[in-house]
Amino acid sequence: MAISILKGDITHQRVDAIVNAANSSLLGGGGVDGAIHRAGGPAILEECRALRASRYGRGLPTGQAVATTAGRLHARWVVHTVGPVYSETEDRSALLTSCYRESLRVAGELGAASIAFPAVSAGVYRWPAASAAEIAVAAVREAGTDIEDLRFVLFNDEVLEAFQRAIG
Ligand code: AR6
């Protein structure tokens, strides 16, 4: 698997799967979630609502992942995952690792060969950039996956540099 680090807006990526840093409601929000729903259009929200009405009546639990259509994005699927909110008193890093592992599992099962990840939890959920990057890089390196092309698409310089350091 080739891992690359890019700066930019993840909604511009042409890949099989774009990962969304969602919340448990699956009904949208700010940050990358808002950008994905805006760029992908209403078909994504429609499928998210259907998931809430069926499999995920109580919402998507933190650390898990689920796929929907990518709507108008240049991708086949959006894989929604829910990162943990950062805590200074509780170590939630296993949940953040799980976001990457589960997203890769869901995308792999669909047959995706390429995937783009944002820095899950590193925005509204306040995870410090250096730690978020180390956890992300370790998680994808450890995951057994058939995906060939994995991209981290980072929106700001601080997070970009943290990922560059983490990848070594
Ligand atoms: N492309 C790539 N990265 C982006 C983009 C973009 N278009 N926009 C923001 N980022 P966040 P979280 C970066 O807050 O911390 C939402 O309201 C951003 O700079 O999107 O997991 C959800 O609905 C940061 O580095 O996700 C949840 O309620 C990274 O993406 C909550 O925020 C993640 O920031 C999830 O918070």
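Heads up: the structure comes first, above all this text.
Described below are features of the structure shown in this document. Since the structure is predicted, the reported quantities are computational estimates derived from the model, not experimental observations.

Secondary structure assignment for the protein chain yields five helices and six strands. Taken from the N to the C terminus, the helices and strands of the protein chain come in the order β-β-α-α-β-β-α-β-α-β-α. Relative to the 2.2 N^0.38 estimate, which gives 15 Å for 168 residues, the radius of gyration of the protein chain is 14 Å and therefore close to what a compact globule would have. Across its three principal axes, the protein chain shows a C-alpha extent of roughly 40 × 35 × 30 Å. Scored against the burial criterion, the 168 residues of the protein chain give a buried share of 47%. For the protein chain, the exposed surface amounts to about 8,000 Å²; the carbon and sulfur share of it is 48%.

On to the packing of aromatic side chains. Counted under the stated rule, the structure contains five aromatic pairs. Measuring from ring centre to ring centre gives 5.0 Å for Y100 and F117, while their planes differ by 45°; the resulting arrangement is tilted. Separated by 17 residues along the polypeptide, Y100 in helix 3 (residues 93–110) and F117 in strand 5 (residues 114–117) bring together distant segments of the chain. A relative accessible area of 0% places Y100 in the buried class.

The final tally for this structure, using the stated rule, is five salt bridges. One salt bridge in this structure joins R105 and E102, with 2.7 Å as the shortest N-O distance. Within this pair, R105 and its partner E102 are both found in helix 3, separated by three residues, close to a single helical turn. The class for R105 is partly exposed, based on a relative accessible area of 39%. Close ionic contact of R105 with E109 constitutes a salt bridge, the shortest N to O distance being 3.0 Å. A residue pair is termed a helical-turn pair when its members lie 3 or 4 positions apart in one helix, as R105 and E109 do in helix 3 at four residues. Assessed through its relative accessible area of 59%, E109 is described here as exposed. Here the residues in one salt-bridge network are E102, R105 and E109, joined through shared partners.

Conventions adopted
Residues numbered from 1 in each chain as written. Predicted model: local features only at pLDDT ≥ 70, side-chain atom pairs only at ≥ 80, totals over all residues. Heavy atoms only, no water. Helix = DSSP H or I, 4+ residues; strand = E, 2+ residues; numbered from the N terminus. Rg over C-alpha atoms; globule rule 2.2 N^0.38 Å. Buried < 20%, exposed > 50% of the residue type's maximum accessible area, 1.4 Å probe, protein only. Areas by Shrake-Rupley, 256 points an atom, 1.4 Å probe, with all protein chains shown as cover. Phe/Tyr/Trp six-rings, centres within 6.5 Å; stacked < 30°, edge-to-face > 60°. Salt bridge = Lys/Arg side-chain N within 4 Å of Asp/Glu carboxyl O.

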